[in-house]
Amino acid sequence: MSALFPIPQAVDPTSSQDTPHPGQGRGRRTPSPEELLDGLNEPQRAAVVHAGSPLLVVAGAGSGKTRVLTRRIAWLISERKAHPGSILAITFTNKAAAEMRERVEDLVGRRARIMWVSTFHSACVRILRKEIDKFGYKSSFSIYDAADSKRLMTLVLRDLDLDPKRYQPRAVLNWVSTQKNELVDEEKATANAKNHLEETYAEAYTIYQRRLREANALDFDDLIMTTVHLLQAFPEVRETYRRRFRHVLVDEYQDTNHAQYALVRELCADEPGAETGGADRVEPSELMVVGDADQSIYAFRGANIRNILQFEEDFPNARSILLEQNYRSTQTILNAANSVISRNKGRKPKNLWSDAGDGDKITGYVADDEHDEARFVSEEIDKLTDAAKAKPGDVAVFYRTNAQSRVFEEVFIRVGMPYKVVGGVRFYERKEVRDALAYLRMLVNPADEISLRRILNVPKRGIGDRAEACVEALAQRERLTFWDALRRAEEAPGIASRSLNSIRAFVDMVDELQSMVDAGERADVVLEQVLARSGYLKELEDSDDPQDETRVENLAELVAVAREFADEPVSGPSVDPADTDAPPPGLGDFLERVALVADSDQIPDQPEGGDDNGVVTLMTLHTAKGLEFPVVFLTGLEDGVFPHMRSLGDQTELEEERRLAYVGLTRARERLYVSRAVVRSAWGAPAHNPASRFVDELPVDLVDWRRTEAAQTSWNRPVMPSLPQRNAGGVTRRFGTAAIRADSAAKAKGTREIPSLDPGDRVLHDSFGMGTVVSLDGAGDNAVASIDFGSEGVKRLLLRYAPVEKL
DNA sequence: GAGAACTTAATTTTT
DNA sequence: TTAAGTTCTC
């Protein structure tokens, strides 16, 4: 757990090409123009030197877009004399940001440090910390992650007395998130509501926002939306940032949502008429966006491919540059990827090519089950390492969902293969880590009710539900924050005197800790004091639950992370050197950093030669975006797994899955493996999945099948009246004891019965909410219903699996 | 108020 | 299968 933070370090092996003078990058270098263009092809050079109009770089996988971005920034500073502080570069992850900063620094020296290179979210936080007082927030606002948001929404829904079955926090939050990504605030959402469901959602949205505000907190989506609103509401603020950022560069533009697009526009768009044409008029900033529509894989969280497809319309007289030469993979791998992605409709044709030669064929393997598949992968890695063809650190294993990592872990542990799972149950989502952070957040921002109530009785200190409810009642009656109500708990009617004593002790402890924070104490010291004084650590240490041992270790790790942070030089990424009044990084800065880390920020840095052979990296396909590995295993290629079951009935979603496959295939440099399991256990019972359609889309002559389904013994194969059809939801369960068990379990639950539906019926779906049946196809197990879920759109659902209930 | 025992729901992807 | 949430019991 050492790479939780983007510690600047070259990871991409190709980065060495960009550091021709190692050790010399610290000073104030002035590279020659030739040096900055060295090794670039024509279109790449054009992108680096382009000046003036908005620029779209369509960068196919592995076409060197990161090089183009870093060289361009260096070019701006070095050749066009741009002030580094006038550059805003947006990347997808913190890690990518740190890498980019490092590489530019290698080219032009330390002055590059004051560029803003960050994610959208970090950049917005930075702006908001400075400006959000204009909206009545305090600059110490908390950032709520998904779990905090869910907790808060649960409270809101409870307050509204809504049936928790009908209105699940997740579903409501998804809806709210969509609104925010579209820059629809709670008032507009209320006005837009077209039916009862939307009215209810809008009401929840309104109260949710009110409580966020009372807690002086913003959720992830608020960070972007509020920044846009700020720039729109205060023209002088907007002018400040427009004048400041003369160069805006956005990476992964295909994954931006509407709010992010609007933010870019606020900063960069030319605006006829807004100014009177006087001397005050600010020339629009230079904008460059880089992306690849074929790698757009975040539509589910609001990303809008239209942003990249219609860039030329959005920004008149924009120029486009296409990068098609791939410097990463063999031609075999590229042909496979091209073949798959070409099945998507309505895409701009693009053909990646490489002069790296054909290389090895793709290796295919059909496993009996997921254990067999994992064993195959591990044995294959063994063979490669024994033959010195690869080191564990060269290898990545990809899968569609995090749950699939378990089998690989089991096998890898058994055979002693070093590995690291990226993502999954993340460090910062562990209970003990979240508890510790909740303490810290509530110290910095006592209005943060969610954090405060999370730890109010953790460890147990005799402040139970009863007492908590009394305090909350007091808070609501007196219009106090929960914390202020706690301080005046003796006024709460009906509160037990025993609870009152506990509350007093708690308040005293918090007061003491808060005075430490106010005194500017280091984050790690505060954290240690929190763990000690709250008794949290002691409770874990005294426990005989073996799980609690690892919890203690995780907390020690968190303290170490805090210490590392506190020891950082003052010019950390979140401190603006241009701000002379910027205080040294404190607890608040630490929490901010922690709130914005992503899975991909923890990808292990590959060792630079030496004896260390690195570790195999396991991750989801989504996390793999932007990375590359000499050896890639693409696993679980089964219809229902990948493409995921929920995408099978929907053309748009299926195309997104296909883009995901394209991303996965193009991560490989030399060797690519594709595998699937005939039988895979999914929540208890084994399921029999047909081959992924993406396998069929690979050119046959490119794949060398090490083992095929025909190699299975006959009793292992499905003996079914109708063999699995390649249709929407071609997922079949095998007959046999397991299937019977699954069926009886389903019956016992009473929800897995296939509902008999007719067009016009009203239904309730677990995540889409209420809908109306439009039409039905098929019968029995294969029955598929088209259901209109209003704002969620019309979905085709396989009734056998879809969590729908007839109303 | 706390812990045990039970039920139930969820399994897509994440800044 | 597992985790999280709810109810029950002391």
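Residues numbered from 1 in each chain as written. Chains lettered and ligands numbered in written order. Predicted model: local features only at pLDDT ≥ 70, side-chain atom pairs only at ≥ 80, totals over all residues. Heavy atoms only, no water.

J.: Could you give an account of the overall build of chain A, naming the residues involved and the relevant values?
T.: The helix and strand tally for chain A stands at 30 helices and 21 strands. Of all intrachain contacts in chain A linking residues separated by at least 6 positions in sequence, the fraction that spans at least 24 positions is 76%. In the structure as shown, chain A presents an accessible area of about 34700 Å², 50% of it carried by carbon and sulfur atoms. (Helix = DSSP H or I, 4+ residues; strand = E, 2+ residues; numbered from the N terminus. Contact = heavy atoms within 4.5 Å. Areas by Shrake-Rupley, 256 points an atom, 1.4 Å probe, with all protein chains shown as cover.)

J.: Give a description of the nonpolar core that names residues and reports values.
T.: The biggest cluster of nonpolar side chains holds 72 residues, and the ones touching the most others in it are Met153, Leu223, Val250 and Leu287. Element by element, the count of residues in this core is highest for helix 9 (residues 196-214), at 8 residues. Three or more residues apiece are contributed to this core by two domains, here domain 1 (33-129 + 226-323) and domain 2 (142-215). Once residues lying within four places of it in the same chain are set aside, the contact partners of Val250 are Ile90, Phe120, Thr256, Val264, Leu287, Met288, Val289 and Val290. Residues Leu456, Ile463, Leu513 and Met516 belong to the second largest nonpolar core, which totals 53 residues. (Core = buried A, V, L, I, M, F, W, Y, C linked by side-chain atoms within 4.5 Å. Buried < 20%, exposed > 50% of the residue type's maximum accessible area, 1.4 Å probe, protein only. Domains from an automatic or database assignment.)

J.: Give me the lowdown on the sheet that holds strand 2 (residues 87-91), citing residues and values where you can.
T.: Think of a sheet as strands paired side by side through backbone hydrogen bonds, with each pair either parallel or antiparallel. The strand order 3-2-6-7-1-8 describes an open sheet built from 6 strands, whose pairing is parallel. Two strands bound the open sheet, and with one partner strand each, they are strand 3 (116-119) and strand 8 (319-323). The average undirected angle you get between the axes of adjacent strands in this sheet is 15 degrees. By the bridge criterion, 4 bridges tie strand 2 to strand 6 (residues 247-250) in an arrangement that is parallel. Looking at strand 6, one finds that Ile87 is bridged to His247. (Pairing = 2+ DSSP bridges. Axes fitted to C-alpha atoms, helices over the stretch in contact; angles between N-to-C directions.)

J.: Give me the lowdown on the pattern of salt bridges, citing residues and values where you can.
T.: Within this structure, the stated rule accounts for 57 salt bridges. Asp255 serves as the salt-bridge partner of Lys625, at 2.3 Å between the closest nitrogen and oxygen. One end of the pair, Lys625, is in the loop between helix 27 (621-624) and strand 13 (629-634); the other, Asp255, is in the loop between strand 6 and helix 12 (258-268), and 370 residues separate them in sequence. We classify Lys625 as buried; its relative accessible area is 10%. For Asp542, the salt bridge is made with Lys538, and the minimal N-O distance between the two is 2.8 Å. Separated by 4 residues within a single helix, Asp542 and Lys538 lie in helix 24 (residues 536-542), roughly one turn from each other. (Salt bridge = Lys/Arg side-chain N within 4 Å of Asp/Glu carboxyl O.)

J.: Give me the lowdown on the side chain of Arg72, citing residues and values where you can.
T.: Relative to the elements of secondary structure, Arg72 occurs in helix 3 (residues 65-78). Overall, Arg72 belongs to the buried group, its relative accessible area being 2%. Reaching out from Arg72, the side chain makes a polar contact with the side chain of Glu286 at a distance of 3.1 Å. (Polar contact = N/O pair within 3.5 Å; in protein donor to acceptor, adjacent residues only side chain to side chain.)

J.: Talk me through the domain arrangement of chain A; I want residue IDs and the actual numbers.
T.: When the parts of a complex come together, some accessible area is lost, and that lost area is often taken as the interface size. Domain annotation of chain A identifies domain 1 (33-129 + 226-323), domain 2 (142-215), domain 3 (331-422 + 605-711) and domain 4 (752-807). The distance between the C-alpha centroids of domain 2 and domain 3 comes to 38 Å.

J.: Describe unusual backbone geometry, naming the residues involved and giving the relevant values.
T.: Cis geometry is adopted by the peptide bond preceding Pro459, which originates at Val458 and carries an omega value of -5 degrees. The phi angle at Glu252 is positive, at roughly 50 degrees, despite the residue not being glycine. Mapped onto the elements, Glu252 comes out in the loop between strand 6 and helix 12. Accessibility expressed as a relative area gives 9% for Glu252, which makes it buried.

J.: So what's going on with the side chain of Asn257? Which residues, and what values?
T.: Along the polypeptide, Asn257 turns up in the loop between strand 6 and helix 12. A polar atom in the side chain of Asn257 sits 3.2 Å from the side chain of Asn181. When near neighbours in sequence (up to four residues on either side) are disregarded, Asn257 contacts Asn181, Gly302, Ala303, Asn304 and Asn307.

J.: So what's going on with the UniProt feature "binding site: ATP" (unreviewed entry) in chain A? Which residues, and what values?
T.: UniProt records the feature "binding site: ATP" (unreviewed entry) for Ala59, Gly60, Ala61, Gly62, Ser63, Gly64, Lys65 and Thr66 in the present numbering. For Gly64, the position within the fold is in the loop between strand 1 (55-59) and helix 3. Here Thr66 lies in helix 3. (UniProt positions renumbered as here; feature names shortened; annotations may be inferred.)

J.: Explain helix 17 (residues 405-415) to me, using residue names and the numbers behind them.
T.: Along helix 17, the residues that are buried comprise Ser405, Val407, Phe408, Val411 and Phe412. Taken end-on, helix 17 shows its buried residues confined to a sector of 160 degrees, consistent with a single buried face. Opposite the buried face of helix 17, at more than 90 degrees from it, the exposed residues are Arg406, Ile413 and Arg414. Tucked inside the fold, the buried residues of helix 17 contact helix 16 (370-386), strand 10 (395-399), strand 11 (419-421) and strand 12 (616-620). Within two residues after helix 17, Gly416 carries a phi angle of roughly 75 degrees, on the positive side. (Arc of directions from axis to C-beta.)

J.: Describe in detail the environment of Val58, supporting the description with residues and values.
T.: If you trace the backbone, Val58 turns up in strand 1. When sequence neighbours within four positions are dropped, the list of residues in contact with Val58 reads Gly291, Ile321, Leu322, Leu323 and Lys350.

J.: Account for the packing of aromatic side chains, naming residues and giving values.
T.: Counted under the stated rule, the structure contains 19 aromatic pairs. The interplanar angle of 65 degrees and the centroid separation of 5.9 Å between the aromatic rings of Phe412 and Tyr419 together place this pair among those described as edge-to-face. Phe412 gets classed as buried once you look at its relative accessible area, which sits at 0%. Through a chain of ring-to-ring contacts, three or more aromatic side chains come together here, namely Tyr167, Trp175, Tyr201 and Tyr205. For Arg126, the ring lying beneath its charged end belongs to Trp116, and the centroid distance is 3.8 Å. Stacked on the ring of Phe141, the Lys or Arg Arg129 has its end atom at 4.1 Å from the ring centre. (Phe/Tyr/Trp six-rings, centres within 6.5 Å; stacked < 30°, edge-to-face > 60°. Lys NZ or Arg CZ within 6 Å of the ring centre and 35° of its normal.)

J.: Outline the packing of helix 18 (residues 431-444) against helix 22 (residues 497-518), listing residues and values.
T.: Their axes nearest at 9 Å, the elements helix 18 and helix 22 cross at an angle of 75 degrees. The angle between helix 18 and helix 22 falls in the class roughly perpendicular. In this structure, helix 18 contributes Tyr439, Met442, Leu443 and Val444 to the contact, and helix 22 contributes Phe506, Met509, Val510, Leu513, Gln514 and Val517. Among the residues forming the contact of helix 18 with helix 22, the class breakdown is 9 nonpolar, 1 polar and no charged. (Parallel < 35°, antiparallel > 145°, perpendicular 65-115°, else oblique. Nonpolar A, V, L, I, M, F, W, Y, C, P; charged D, E, K, R; others polar.)

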